[in-house]
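Summary of the model geometry
Listed below, chain by chain, are the residues.
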Amino acid sequence: FNFRGVGGSAGTHDNGVGERDDFTAGLDFMHTRYPDAPLWAAGMSFGSWIALNVGAADERVSALLGIAIPASRDFSAVAGSTKPKFFIHGERDELCPLQEVRTFYAGAAEPKELVVIDAAGHLFDGKVGEVADAIEDLLIDWGIE
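Figured I'd write up the structure that's included with this text. Everything quoted here is computed from the prediction, not taken from an experiment.

**A look at helix H4 (residues 98-107)**
For H4, every residue scored as buried is listed here: Leu98, Val101, Phe104 and Tyr105. Taken down its axis, H4 places every buried residue within 120° of arc, on the same side. For H4, the exposed residues set more than 90 degrees away from the buried face come down to Gln99, Thr103, Ala106 and Gly107.

**Remarks on the pattern of salt bridges**
In the structure shown here, the tally under the stated rule is 3 salt bridges. In this structure, Lys127 and Glu130 form a salt bridge, with 3.6 Å as the shortest nitrogen-oxygen distance. Glu130 gets classed as partly exposed once you look at its relative accessible area, which sits at 36%.

**Overview of the nonpolar core**
Ranked by internal contacts, the top residues of the largest apolar core, which has 23 residues, are Val78, Phe87 and Phe104. Elements that contribute at least two residues to this core include exactly helix H1 (17-33), strand S1 (39-44), helix H2 (46-57), strand S2 (61-67), helix H3 (76-80) and H4. The residues contacting Val78, other than those within four sequence positions of it, are Leu52, Asn53, Ala56, Leu64, Lys85, Phe87 and Phe104.

**What about the sheet that holds strand S3 (residues 85-90)?**
Reading across the sheet, the 4 strands line up as S1-S2-S3-S4 and stay open at both edges, with parallel pairing between neighbours. The open sheet is flanked by S1 and strand S4 (112-117), the only strands paired with a single partner. Across this sheet, the average inter-strand angle for adjacent strands is 15°, counted without regard to direction. Strand direction decides the pairing type here: S3 and S4, joined by 6 bridges, are parallel. Considered in S4, the bridge of Gly90 is made with Ile117. On top of the sheet, H2 reaches S1, S2 and S3; it is set at about 155° to S1, its chief contact.

Parameters at a glance
Residues numbered from 1 in each chain as written. Predicted model: local features only at pLDDT ≥ 70, side-chain atom pairs only at ≥ 80, totals over all residues. Heavy atoms only, no water. Buried < 20%, exposed > 50% of the residue type's maximum accessible area, 1.4 Å probe, protein only. Helix = DSSP H or I, 4+ residues; strand = E, 2+ residues; numbered from the N terminus. Arc of directions from axis to C-beta. Salt bridge = Lys/Arg side-chain N within 4 Å of Asp/Glu carboxyl O. Core = buried A, V, L, I, M, F, W, Y, C linked by side-chain atoms within 4.5 Å. Contact = heavy atoms within 4.5 Å. Pairing = 2+ DSSP bridges. Axes fitted to C-alpha atoms, helices over the stretch in contact; angles between N-to-C directions.

Following this line, the structure appears as structure tokens:
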């Protein structure tokens, strides 16, 4: 889905406050529609900041997946979470430097895994298939449903 004010969504960008409400509404919708299905919180870039922070606090969420995380933002709830955490990052991410992600990752609680996509920038141009493969491998390796 798109957050408020993005694409065809109504509203205006709210610097993360309203977007957390948007993500929570998405979780509520999925839980209502599929009450027995496991829920994961996942997002890319700004969306990962929202999804992982909401997911870390929501008891219904069983796993967290962040792609191109902006580690300079507040991810303290995510770092302290004992839920499985998966991060995929581009080696050459020009917006979210890999070194910041490595520093964040080093301080994050287990269980966790970081996959770095060689020569990939922030949008993973030409590397999207590798991101999909990494997600599939992580979920299989960890036995996440």
